Amino acid sequence: MSIKNNILVFGGLGQLGSCIEKVSLERGLTTLLYLDEIQGNILDLDLLHQLFQQEGPRFVINCAAYTAVDKAEDDFELCKKINQDGAENLAGLCAEYNATLIHISTDFVFEGNLPKLLNEQDIANPINVYGKTKLDGELGIARLLDTHYIIRTSWLYSEFANNFVKTMRKLGNDHDELGVIVDQVGTPTYAIDLAGVILDIITIDNEKYGTYHYSNEGVTSWYDFAKGVFDLSRIEVKLNPIPESAYPTKAIRPAFSVMDKSKIKTTFGIAIPYWRDSLVKCINELNK
Ligand SMILES: NC(=O)C1=CN([C@@H]2O[C@H](COP(=O)(O)OP(=O)(O)OC[C@H]3O[C@@H](n4cnc5c(N)ncnc54)[C@H](OP(=O)(O)O)[C@@H]3O)[C@@H](O)[C@H]2O)C=CC1
Ligand SMILES: Cc1cn([C@H]2C[C@H](O)[C@@H](COP(=O)(O)OP(=O)(O)O[C@H]3O[C@@H](C)C(=O)[C@@H](O)[C@H]3O)O2)c(=O)[nH]c1=O
């Protein structure tokens, strides 16, 4: 007889899934089941039915996503399948089996053309394929399931999987000079902090469903973020601030996507670390 897992984590081996596993272990939480793309393919409805029937989850955390922002521009169909259809599949299953869905979304649902803090009521208007499919996933969930939390976050990094911090440390070690964009502004988020908040929401379980913004505190540019990574990692590289026009990419990115976190702080009574304090923790982990 299998032990029932009351929390299913889809995309469980990705960056955020790995952070949830780390924080759960630290908190002594053991009833989570981490599913990879094969055991928990969110596009396979038969498999999902089997899983929900077998495990009877009380909560489902969806960390599964298509996250390659530039590649998505040439890969709309697959990106839409994973970010929209996959999210809708999980919402439908949660409705059928009375589970609560915690789904992760992104600051890239916003156009980000104004220097204004973005709150949950602001109109989303994505400017790239990734952001559009993530927004469509959110809308699908809201249509299919009342018992959902959608958490929009930004610029995730950690000691796990691929992310900007690890890319910068690698590039910094291989190059004498680098250019990083200074006119895209947002807030980095240590995925370990986000993992903690997801577990807090599950533990508090106050049924205040809906959409929430969560990132670390503060504001920075990709350039300043990279500068922080190099300083804290003691990597010597000549770092040049460049305009986005000097670093052409397939996908356009929001110029300003700093989110207002008042709602999540007051609803769940959480304190949010400043981005650079969390970066120090991550660099310490990476240096171990
Ligand atoms: N990374 C970031 O900077 C940000 C991420 N987010 C959101 O946070 C969430 C977590 O992101 P993060 O952990 O960084 O992303 P990762 O890319 O590290 O993890 C996503 C995981 O989803 C898996 N996956 C892909 N397709 C499927 C599928 N059909 N069924 C099941 N699993 C699948 C991937 O597997 P495989 O690798 O094998 O393909 C991967 O392990 C996502 O929703 C993302 O949109 C929001 C803001 C910023
Ligand atoms: C590698 C590199 C990137 N850049 C720029 C490009 C881009 O504008 C910015 C970040 O690049 P990345 O491709 O690492 O990050 P990107 O994949 O765009 O990050 C986004 O991912 C998705 C999943 C999200 O949801 C967003 O919140 C955000 O985190 O840095 C440079 O300027 N110089 C460089 O050498």
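Let me begin by describing the structure that accompanies this report.

Reading guide: rules and limits
Chains are numbered independently. Their residues run from 1 in the order of the written sequence. Here chains are named by letter from A upward and ligands by number from 1 upward, in the order in which they appear as written. Only residues with pLDDT of at least 70 get local features here, since the model is predicted, and only at 80 or more are side-chain atom pairs given and counted; chain-wide, interface and lining totals rely on the full set of residues. Based on all heavy atoms of the structure, the side-chain values leave hydrogens and waters out of the count. Each helix corresponds to a stretch of at least 4 residues labelled H or I by DSSP, and each strand to a stretch of at least 2 residues labelled E; elements are numbered beginning at the N terminus. By definition here, a helix of n residues has an expected span of 1.5 Å times n minus one. By definition in these notes, contact holds between two residues if any of their heavy atoms fall within 4.5 Å. Throughout, near means a residue has at least one heavy atom within 4 Å of the molecule or strand. Pairs of N or O atoms within 3.5 Å make up the polar contacts considered here, provided that, within protein, one atom can donate a hydrogen while the other can accept it, and that residues adjacent in sequence are counted only when both atoms are side-chain atoms. All accessible areas in this document rest on Shrake-Rupley with a 1.4 Å probe, and a residue is counted as covered only by the protein chains that are shown. Side-chain classes are defined by residue name, with Ala, Val, Leu, Ile, Met, Phe, Trp, Tyr, Cys and Pro counting as nonpolar, Asp, Glu, Lys and Arg as charged, and the others, Gly among them, as polar. Two kinds of site are reported from a 1 Å grid over the protein atoms alone, namely cavities, where a 1.4 Å probe fits but cannot get out, and pockets, open sets with protein on both sides within 12 Å along at least five of seven lines, and residues are called lining when an atom falls within 4 Å of a point. Grid points are joined across faces, edges and corners, and a volume is the space filled by probe spheres set on the points. Burial classes: relative accessible area under 20% of the type maximum marks a residue as buried, over 50% as exposed, and values in between as partly exposed (1.4 Å probe, protein chains only). Strand pairing is assigned whenever DSSP detects at least two bridges linking the two strands. By nonpolar core we mean a set of buried residues, namely Ala, Val, Leu, Ile, Met, Phe, Trp, Tyr and Cys, connected to one another through side-chain atoms within 4.5 Å. Axis definition: a line fitted to C-alpha atoms, limited for helices to the stretch in contact. Angles are taken between N-to-C directions and run from 0 to 180 degrees. Comment on the angle field: the value is read as roughly parallel under 35 degrees, roughly antiparallel over 145, roughly perpendicular from 65 to 115, and oblique elsewhere. Crossings are classed by handedness, with left-handed meaning an anticlockwise turn of the near helix from the far one by less than a right angle and right-handed meaning a clockwise turn. Whenever a carboxyl oxygen of Asp or Glu lies within 4 Å of a side-chain nitrogen of Lys or Arg, that contact is scored as a salt bridge.

**Observations concerning helix 10 (residues 275-287)**
Spanning 13 residues, helix 10 covers 18 Å between terminal C-alpha atoms, matching the ideal 18 Å at 1.5 Å per step. If you follow the buried residues of helix 10, they end up packed against strand 6 (156-157), helix 6 (164-174), strand 9 (189-190), helix 7 (191-204), strand 11 (220-221) and helix 8 (222-233).

**Some points on the site of ligand 1**
The full set close to ligand 1 counts 22 residues, and L16, E37, T67, Y130 and K134 are the nearest of them. At 3.0 Å, a side-chain N or O of N41 approaches a nitrogen atom of ligand 1. Protein contact buries 79% of the 900 Å² of open area that ligand 1 shows by itself. Contributing elements (two or more residues each) for the shell around ligand 1: helix 1 (15-27), strand 4 (100-106) and helix 5 (129-144). Residue contributions to the shell around ligand 1 peak at 3 residues, all from strand 4. Counted by class, the shell around ligand 1 contains 11 nonpolar, 9 polar and 2 charged residues.

**A short note on the layout of surface pockets**
One number sums up the size of the second largest pocket: a volume of about 150 Å³. In this structure, the second largest pocket is lined by F110, E111, G112, N113, L114, K116, L118, D122, I123 and N125.

**Section: the pairing of strand 1 (residues 7-10)**
What you see with strand 1 is no split at all: I7 and V9 on one side and L8 and F10 on the other are buried throughout. By the bridge criterion, 4 bridges tie strand 1 to strand 2 (residues 32-35) in an arrangement that is parallel. Paired with I7 across the strands is L32, a residue of strand 2.

**So, the nonpolar core**
Within the largest apolar cluster, 79 residues are counted, with the highest numbers of intra-cluster contacts made by F10, L16, I20, I102, I198, F225 and I264. Leaving out residues up to four positions away in the same chain, I102 has contacts with F59, V60, I61, N62, Y149, I151, I198, I201 and I202. The next biggest cluster of nonpolar side chains, apart from the first, holds 5 residues, and it includes V109, F110, L118 and M259.

**Some words on the site of ligand 2**
The local shell around ligand 2 holds 18 residues, among which T106, D107, Y130, Q184 and R253 are the closest. Here an oxygen atom of ligand 2 sits 3.1 Å away from a polar atom, N or O, in the main chain of W155. Separating an oxygen atom of ligand 2 from a side-chain N or O atom of R253 is a distance of 2.5 Å. About the coverage of ligand 2: the protein hides 84% of its 710 Å² of free accessible area. Where the shell around ligand 2 is concerned, the elements lending two or more residues are helix 6 and strand 7 (177-181).

**Side note on the packing of helix 4 (residues 76-97) against helix 5**
For the pair helix 4 and helix 5, interaxial distance at closest approach is 8 Å and the crossing angle is 15 degrees. Classified by the angle their axes make, helix 4 and helix 5 are roughly parallel. Where helix 4 crosses over helix 5, the two elements pack in a sense that is right-handed. Contacts between helix 4 and helix 5 pair F76, C79, K80, N83, Q84, A87, E88, A91, G92 and A95 from the former with V129, Y130, T133, K134, D136, G137, G140, I141, R143 and L144 from the latter. Here the residues of the contact of helix 4 with helix 5 are counted per class, giving 9 nonpolar, 6 polar and 5 charged.

**Side note on the sheet that holds strand 2**
Strands sit in the order 2-1-3-4-5-10 across an open sheet of 6 strands; the sheet is parallel. Unpaired on one side and paired on the other, strand 2 and strand 10 (210-213) mark the two borders of the sheet. Here the strands of the sheet are splayed against their neighbours by 20 degrees on average, with no regard to which way each runs. In this structure, strand 3 (residues 59-62) lies alongside strand 4, joined through 4 bridges in parallel fashion. Note that in strand 4 the partner of V60 across the bridge is L101. Sitting on the sheet, helix 1 touches strand 1, strand 2, strand 3 and strand 4, and the angle it makes with strand 2 is about 155 degrees.

**So, unusual backbone geometry**
For W155, which is not glycine, the phi dihedral falls at a positive 50 degrees. You can see W155 is positioned in the loop between strand 5 (148-153) and strand 6. Of the residues examined, W155 reaches a relative accessible area of 8% and is grouped as buried. The phi torsion at E207 lies on the positive side, around 60 degrees, for a residue other than glycine. Mapped onto the elements of the fold, E207 is located in the loop between helix 7 and strand 10.

**Digging into the pattern of salt bridges**
With the rule as written, the count across this model stands at 17 salt bridges. Where K265 meets E217, a salt bridge forms, and the shortest distance between an N and an O atom there is 2.8 Å. Taken together, the positions of K265 in helix 9 (residues 262-268) and E217 in the loop between strand 10 and strand 11 put the pair 48 residues apart, joining distant regions of the chain. By relative accessible area, which is 21% here, E217 ends up partly exposed. When the shortest N-O distance is used, the salt bridge between E285 and K288 registers 2.9 Å.

Worth remembering: the numbers are spatial, not functional.
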